[in-house]
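Listed below are the residues making up each chain.
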Amino acid sequence: MNRDSNEKLAVFVFTLAGLGLIIENYLLGWEFWFPVIVLLGIISLWLVNVSNRLEQDLRVLFYFVFAALIVFYHGIHVSSFFDLALTICLAMIICALFNRAYMIRILLAEYFSLVMIHVLNIPGGEQPEFDKLSISRIFLHMIIVLIVFFVSGKNIKDRVDDEEERRTDKERIEANDASMEDFLSNISHELRTPINVVN
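A full pass over the atoms with the stated rule returns eight aromatic pairs. Here Trp30 and Tyr73 contribute two aromatic rings whose centre-to-centre distance is 5.9 Å and whose plane-to-plane angle is 80 degrees, an arrangement assigned as edge-to-face. A residue pair is termed long-range when its members are at least 10 positions apart, and Trp30 in the loop between α1 (3–28) and α2 (34–51) and Tyr73 in helix α3 (residues 56–76) qualify at 43 residues. Trp30 gets classed as buried once you look at its relative accessible area, which sits at 13%. Its relative accessible area of 8% is what places Tyr73 among the buried residues. A centroid spacing of 4.9 Å and a plane angle of 70 degrees characterise the contact between Phe81 and Phe82, whose relative ring orientation is edge-to-face. Its relative accessible area of 4% is what places Phe81 among the buried residues. One aromatic cluster in this structure is built from Trp30, Trp33, Phe34 and Tyr73.

Judged by nonpolar contacts, the single largest core of 46 residues is most densely connected at Phe14, Val38, Met92, Tyr111 and Val145. Those elements that place two or more of their residues in this core are α1, α2, α3, α4 (84–96), α5 (101–119) and α6 (132–198). Aside from chain neighbours lying at most four places away, what touches Met92 is Ile104, Leu107, Leu108, Val145, Val148, Phe149 and Ser152.

Now for empty space enclosed by the protein. Tallied over the full model, the rule gives one cavity of 30 Å³ or more. Taken as a whole, the largest cavity encloses approximately 50 Å³ of empty space. In this structure, the largest cavity is lined by Phe81, Phe82, Leu84, Ala85, Tyr111, Val115, Ile138 and His141.

All chains considered together, the criterion is met by seven salt bridges. With its nearest N and O atoms 2.8 Å apart, the salt bridge here joins Arg59 to Glu7. Note that Arg59 is positioned in helix α3 and Glu7 in helix α1, a separation of 52 residues in sequence. The burial state of Arg59 is the same as that of Glu7; both residues are buried. Overlapping salt bridges bring together Glu164, Arg167 and Glu171 as one network.

Space inside the second largest pocket adds up to approximately 240 Å³. Lining the second largest pocket we find 15 residues, and of these Ala17, Ile70, His74, Thr87 and Leu90 sit closest to its centre. For the lining of the second largest pocket, the secondary structure elements donating two or more residues are α1, α3 and α4. No other element matches the six residues that α1 contributes to the lining of the second largest pocket. Its residues placed into classes, the lining of the second largest pocket shows ten nonpolar, three polar and two charged.

Time to look at a negative patch on the surface. A surface patch of like charges, here negative, comprises Glu174, Asp177, Glu181 and Asp182. Classification of Asp177 as partly exposed rests on a relative accessible area of 43%.

The next point concerns unusual backbone geometry. In this model, Asn52 sits at a positive phi of 55 degrees, which is unusual for a non-glycine residue. In this structure, Asn52 sits in the loop between α2 and α3. Taking relative accessible area as the criterion, Asn52 reaches 44% and is therefore assigned partly exposed. The backbone phi angle of Asn99 is positive, close to 60 degrees, even though this residue is not glycine.

Procedures and definitions
Residues numbered from 1 in each chain as written. Predicted model: local features only at pLDDT ≥ 70, side-chain atom pairs only at ≥ 80, totals over all residues. Heavy atoms only, no water. Phe/Tyr/Trp six-rings, centres within 6.5 Å; stacked < 30°, edge-to-face > 60°. Helix = DSSP H or I, 4+ residues; strand = E, 2+ residues; numbered from the N terminus. Buried < 20%, exposed > 50% of the residue type's maximum accessible area, 1.4 Å probe, protein only. Core = buried A, V, L, I, M, F, W, Y, C linked by side-chain atoms within 4.5 Å. Contact = heavy atoms within 4.5 Å. 1 Å grid on protein atoms, 1.4 Å probe; cavity = no way out; pocket = protein on both sides within 12 Å on 5 of 7 lines; lining within 4 Å. Points joined across faces, edges and corners; volume = space filled by probe spheres on them. Salt bridge = Lys/Arg side-chain N within 4 Å of Asp/Glu carboxyl O. Nonpolar A, V, L, I, M, F, W, Y, C, P; charged D, E, K, R; others polar. Patch = residues over 30% accessible without salt bridge, like charges linked within 9 Å, V, L, I, M, F, W, Y side chains within 5 Å. Areas by Shrake-Rupley, 256 points an atom, 1.4 Å probe, with all protein chains shown as cover. Lys, Arg positive; Asp, Glu negative; His and termini not counted. Charge placed at Lys NZ, Arg CZ, Asp CG, Glu CD.

The structure is reproduced here in structure tokens:
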């Protein structure tokens, strides 16, 4: 996949995630103002993607910030505690398409921060129930998130290495072509001089 198709895929997935979050927000009676922000964010995603006025790095950063915000908003609610690993994994996989390792590191830190927020019950109110089954699920989710993190990181590293190798090969081929042209022009000149003398 090329970069443009990766961007379009990311915008499409983040749009679906945002719409799903709006529906969940409505069904669970969360904050009434947040769906408006998510909807404005989705419109902005598409405007940024379609217009191509920003540099690619800024566009990708914008997509990432949107994803990190909706993951945080979704994950901060107690009812979404056990869905958090799934949403983080989805965000990591999509952000890995951009070949930016720092993004998946930030998402991993966001995941563990949200888990700690719930364990310490920082928002207050209802806390998730931590019985044996819940604790084993939390550890399983952490393992899955770590596996997705390491696999995404390896994929990013492999793609970056491949791009570097391709660029090096291209530079080497261009250097060889230039030296071949110089060689042929020198040979042509060297052959022309004796022929002119003979004539």
